[in-house]
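Structural overview for review
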Amino acid sequence: MTINHPSFGRIDENRVIIFDTTLRDGEQSPGFSMNLTEKLRMAEALEDLGVDVIEAGFPVASKGDFDSVAQIARALKDTVVCALARSGGKNDIASAGEAIREARRGRIHNFISTSPLHMKYKLRMEPEAVLDVIRAGNEAARQFTDDVEWSAEDGSRTDPDFLCRCVEAAIRAGATTINIPDTVGYSTPEDMARIFADLRARVPGADGVIFSTHNHNDLGLGVANTVAALRAGARQIECTINGIGERAGNAALEEIVMVLRTRHDALPYTTGIHTEKLLKVSRMLSTITGFDVQPNKAIVGRNAFAHESGIHQDGILKNAATYEIMTPESVGWTRSSLVLGKHSGRAAFRDKLRAMGYDALDEVQFNDAFTRFKDLADRKKVIYDEDLVALVDDEVRDHARIRFVALHVSAGSRRPAQAELTLEVDGKEHHVTAAGQGPVDAAFNAIRAIVAHDATLRLYSVGAITEGSDAQARTTVRLEEGGKMVDGQGADADTLVSAVRAYVHALNKLLVKRDRAEPAELSA
Ligand code: KIV
Ligand code: ZN
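The residue numbers shown here count from 1 along each chain, following its written sequence. For this description, chains carry letters from A and ligands carry numbers from 1, given in the order in which they are written. Side-chain atom pairs in this predicted model are given and counted only at pLDDT of 80 or more, local residue features only at pLDDT of at least 70, and totals for whole chains, interfaces and linings cover all residues. Values reported for side chains reflect all heavy atoms of the structure, with hydrogen atoms and water molecules removed beforehand.

As recorded by an unreviewed UniProt entry, the protein carries the name 2-isopropylmalate synthase and is attributed to Novacetimonas cocois. We quote the UniProt Function (unreviewed entry) comment for the protein here in full: "Catalyzes the condensation of the acetyl group of acetyl-CoA with 3-methyl-2-oxobutanoate (2-ketoisovalerate) to form 3-carboxy-3-hydroxy-4-methylpentanoate (2-isopropylmalate)." UniProt positions are given in the numbering used here, feature names are shortened, and annotations may be inferred rather than shown by experiment. Taken verbatim from the UniProt record of the protein, the Cofactor (unreviewed entry) comment is "Mn(2+)".

1. Side note on the coordination of the zinc ion (ligand 2)
Counted as donors are the N, O and S atoms within 2.8 Å of the metal, or 3.2 Å for Na, K and Ca, while water is not among the atoms, so some sites may look incomplete. Within the protein, the zinc ion (ligand 2) binds to D25 (OD), H214 (NE2) and H216 (NE2); these donor distances fall in the range 2.0 to 2.1 Å. In primary sequence terms, the donor set of the zinc ion (ligand 2) follows D-x188-H-x1-H. Here H214 matches H216 in class, with each residue buried. Burial classes: relative accessible area under 20% of the type maximum marks a residue as buried, over 50% as exposed, and values in between as partly exposed (1.4 Å probe, protein chains only).

2. Considering the UniProt feature "binding site: Mn(2+)" (unreviewed entry) in the protein
Residues annotated by UniProt as "binding site: Mn(2+)" (unreviewed entry) correspond here to D25, H214, H216 and N250. Spanning 226 residues, the named residues form one tight spatial group whose C-alpha atoms are at most 10.4 Å apart. Think of it this way: any DSSP run of H or I at least four residues long counts as a helix, any run of E at least two long counts as a strand, and we number them from the N terminus. Here D25 is to be found in helix 1 (residues 22–26). We classify D25 as buried; its relative accessible area is 0%. The class of H216 is buried, set by a relative accessible area of 2%. Residues within four places of H216 in sequence aside, it is in contact with D25, D182, T183, G185, G222, E246, R247, G249 and N250. We call two N or O atoms a polar contact when they sit within 3.5 Å, provided that within protein one can donate a hydrogen and the other can accept it, with sequence-adjacent residues counted only if both atoms are side-chain atoms. Among the polar contacts listed, one links the side chain of H216 to the side chain of D25, at a separation of 3.2 Å. When checking whether two residues touch, look at their non-hydrogen atoms; a contact exists if any pair is within 4.5 Å.

3. Quick notes on unusual backbone geometry
Glycine aside, residues mostly have negative phi, and peptide bonds are mostly found in the trans state. You will see that N91, though not glycine, has its phi angle at about 70°, which is positive. Note that N91 resides in the loop between strand 5 (80–86) and helix 4 (92–99). Phi is positive for N242, close to 60°, though the residue is something other than glycine. Here N242 lies in the loop between strand 10 (236–239) and helix 10 (253–262). The class of N242 is buried, set by a relative accessible area of 11%.

4. Let's talk about helix 7 (residues 160–172)
Here the expected span of a helix is defined as 1.5 Å times the quantity of residues minus one. Between the first and last C-alpha of helix 7 there are 18 Å, a value that for 13 residues agrees with the 18 Å anticipated at 1.5 Å per step. Within the sequence span of helix 7, burial applies to F162, L163, C164, C166, V167, A169, A170 and I171. Check the buried side of helix 7 and you find it contacts helix 5 (116–123), helix 6 (127–142), strand 7 (148–153), strand 8 (177–182), helix 8 (189–202) and strand 9 (210–215). A positive phi of about 115° marks G174, the residue just after helix 7.

5. Digging into the pattern of salt bridges
Salt bridge criterion: a side-chain nitrogen from Lys or Arg within 4 Å of a carboxyl oxygen from Asp or Glu. Counting across every chain of the model gives 34 salt bridges. For the salt bridge of R24 with D25, the shortest nitrogen-to-oxygen distance reads 3.6 Å. Each member of the pair, R24 as well as D25, carries the same accessibility label: buried. Note that K318 is salt-bridged to D314, the shortest N-O span being 2.7 Å. Residue K318 and its partner D314 are both found in helix 12 (residues 310–318); the two are separated by four residues, about one turn of the helix. For K318, a relative accessible area of 64% puts it in the exposed group. The exposure class of D314 is partly exposed, given its relative accessible area of 38%. Residues joined in a network through salt bridges with shared partners are R24, D25 and E55.

Structure, rendered in structure tokens:
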């Protein structure tokens, strides 16, 4: 099976196309919205990582989405830039076509639900009408590009005979990639194998298209289902960095790619991913969104290569292969976790940041980060990688509107707490003093006095980044406004500064969210 694809030409039968949807399915999930600059930075990092297709957004959803797809389309050199559209949505396909117009290689991905449940209750359409929409959607998309993908939303819960008819209609109408999503993360690997084997055996024209798999993680089976689909003939994998995405997320790119690399003996497939850049891109996403991965997350979690027990450590020292199935370096980890101290200079600091993936800092951000590093080094004996990540996070995030400048708090058991706060809003400094029930309340009241808003504080949580009483605090703040939820994070050796940074981060995200309209029918 060698396919001649409109964007990739002749593709070897074991070459797997990596389709990253971090900026669409991932960004769509609560708390993960990114602004245009952040999306562009992620898209460039994904291209550098070697991703084949980037789903950059859903242009008809909002002007912000349209602009980011268009900008990414202009910026990327090699990677296919894909725009999402509903097959039957008013203006969806035209908007997607316009957004990818300047891409060197552009794709339109159109979708409609095909399961009995979705057709009856969500679409309120008869199966024959859905078939008509599938034809019309793909034909319309082909007016803009030869690279057209079609998805059967809730495909894994679709009647097999009807799914064959839908796929046949999509191929006849010009689709070159056929994606069968497990939209609600319900399938098992056996289901996946059956679905893809069935389609490839029964649908006329199946041997001329790429089959694609897109798995949500509601039962924790996203990666397992992806592997099963590959074995059954799928050759495009839809996935996200750190597994972010709707509800429990999507199958994680870094996990799938490392399954293929580590178990090449059992799964003889190749990708174009430069695996040693995986950690860097994972960290970039955590920094931008404010969500760290859990410590035990495969490949990119802090403990993924940490060996605690004496028996394991002894084995590792004798031969790393005893307890390591892949090297930490192969995914971007460096062996030492102990880093710079107070005598380290700018060059060493810059080098370390670069090695950790923070090469996108501009001069102002770098200078701010260096000043904060020196300040931290004066107060803290040992500085770990985690400290540096937390410290530069605030610099790398895009503070389009609000920026923390300074805080002074007086508190204790004798008199009411008072916070003096300076924030920069749209480039102008504002200074207020506010009282509160305690230091945190006073500091948050001061923020509200500078930036008036109706958001409700839903979560305030503080933890220490490393050990010791001089450890930096990492704070998470969750705000809710009009049913929209955002999380912000901040870090500092001073717990209250960390709290204010987190609140300001959440407020900045809320401002981004306010500009966006949610598309009514996109339940993917
Ligand atoms: O999960 C899903 O069904 C989707 C489609 C839009 C591909 O994200
Ligand atoms: Zn999805």
